[in-house]
Amino acid sequence: MNVKSTSRYVLDNANQIASVGGDWDRFAIENDAPDAMAGAVIGHDVWDFVTGLETKAYLSTIFFACRMDMKTFQLLYRCDAPEVKRLFRMKIYPKAGGELLLEHELVHSRKSLAHHKVTNFTDHYDSTRCSVCCSFLIGSNWIDTFAIPEERYYVVCPECRKAAADQLRAEQDPDDVIDLSQFIK
Ligand SMILES: [Zn+2]
């Protein structure tokens with residue numbers, strides 16, 4: 001897929017999907033996910049589509065910081081298809097009234113030549129995976145593979161926590177009472 005695609009959606013102040021736009025439906029069709037088409041997601045709670053308590057807490061802190069500071073936030077994350085490595089950029093724009101505009105732009109995609117399987121690491125593989133960069137926790141290391149195991153337990157790996165915490169800290173006003181980055185690291 002060489003075409004750059006961007007999908008957008010707006011969350012209301014209660015984190016419900018108020019509208020979707022951009023290449024949303026095309027992306028849903030290309031990824032064989034008709035259940036994710038606009039008509040099926042509008043009005044739903046965004047947390048219905050986020051897997052893992054830790055990932056929800058991570059995103060929730062970022063959303064809270066964006067709304068409180070009225071500043072944009074961006075984050076690179078991986079969302080791989082079975083044989084395609086894909087890198088996306090998520091930008092969050094706070095709007096009036098507590099709304100957030102979220103934009104997901106495909107910045108890089110590459111078809112994998114060899115299909116790397118995490119099952120090659122069966123001795124160490126424990127199904128823990130970072131929901132931001134797609135790395136698996138294998139032994140004590142976070143490893144990027146292309147595998148899709150049967151069961152996944154989504155968390156956020158230390159590298160991705162640090163990147164988000166650093167960004168929140170860099171954008172903090174000196175008179176902020178709470179250092180929000182402490183909730184992410
Ligand atoms: Zn990560």
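Let me begin by describing the structure that accompanies this report. Because the structure is predicted, anything quoted here is derived from the model rather than measured. (Residues numbered from 1 in each chain as written. Predicted model: local features only at pLDDT ≥ 70, side-chain atom pairs only at ≥ 80, totals over all residues.)

1. Concerning the overall build of the protein
A count of helical and extended segments in the protein gives 4 helices and 9 strands. Counting only residues that meet the buried cut, the protein has 15% of its 185 residues in that class. Contacts spanning at least 24 positions in sequence make up 52% of the contacts within the protein whose residues lie at least 6 apart. (Helix = DSSP H or I, 4+ residues; strand = E, 2+ residues; numbered from the N terminus. Buried ≥ 20, exposed ≤ 12 C-beta atoms within 10 Å, placed from the backbone. Contact = placed C-beta atoms within 7 Å.)

2. Some words on unusual backbone geometry
In the Ramachandran plot, Asn 15 falls in the positive-phi region, its phi being about 60 degrees despite a non-glycine side chain. Looking at where Asn 15 falls in the secondary structure, it is placed in the loop between β1 (6-11) and β2 (17-22). The residue Cys 134 is not glycine, and still its phi comes out positive at about 70 degrees. Following the sequence through the fold, Cys 134 ends up in the loop between β6 (125-130) and β7 (135-138).

3. Looking at the nonpolar core
Proteins that are soluble and globular tend to have nonpolar side chains buried together. Ile 62, Cys 66 and Ile 92 are the most contacted members of the largest nonpolar core, which totals 19 residues. Elements with a minimum of two residues in this core: β1, α3 (53-69), β5 (100-111) and α4 (158-170). Beyond its immediate sequence surroundings of up to four residues, Ile 92 is in contact with Ile 62, Cys 66, Thr 72, Phe 73, Leu 100 and Leu 102. (Core = buried A, V, L, I, M, F, W, Y, C linked by C-beta atoms within 7 Å.)

4. Looking at α3
With 17 residues, α3 should reach 24 Å at 1.5 Å per residue; the first-to-last C-alpha distance of 24 Å fits that figure. Next to the buried residues of α3 lie β3 (73-78), β4 (84-94), β5 and α4. Where α3 ends, the next residue or the one after it, Met 70, has phi of about 50 degrees, a positive value. (Expected span 1.5 Å × (residues − 1).)

5. Quick notes on the sheet that holds β4
A sheet is described by the order of its strands in space; here 5 strands give the open sequence β2-β1-β5-β4-β3, paired in antiparallel fashion. With one partner strand each, in any of the chains shown, β2 and β3 form the two edges of the open sheet. Neighbour to neighbour, the strand axes of the sheet diverge by 20 degrees on average, direction disregarded. Direction of pairing for β4 relative to β5: antiparallel, over a ladder of 11 bridges. Among the inter-strand pairings, Phe 88 is bridged to a residue of β5, identified as Leu 106. (Pairing = 2+ DSSP bridges. Axes fitted to C-alpha atoms, helices over the stretch in contact; angles between N-to-C directions.)

6. Describing the pairing of β1
With burial as the criterion, only one face of β1 is covered, namely that bearing Ser 7, Tyr 9 and Leu 11; the residues Thr 6, Arg 8 and Val 10 on the opposite face remain uncovered. Where β1 lies against β5, 6 bridges are found, and the strand directions are antiparallel. Each bridged residue has a counterpart across the sheet, and for Leu 11 the counterpart in β5 is Leu 100. Pairing geometry for β1 and β2, over 5 bridges, is antiparallel. Each bridged residue has a counterpart across the sheet, and for Leu 11 the counterpart in β2 is Ile 17.

7. Focus: the pairing of β3
It is a general feature of regular strands that their side chains alternate between the two faces of the sheet. Examined bridge by bridge, β3 and β4 share 6 bridges and lie antiparallel to one another. Pairing of Tyr 77 across the sheet is with Phe 88, part of β4. Hairpin connection of β3 to β4: 5 residues between the antiparallel strands.

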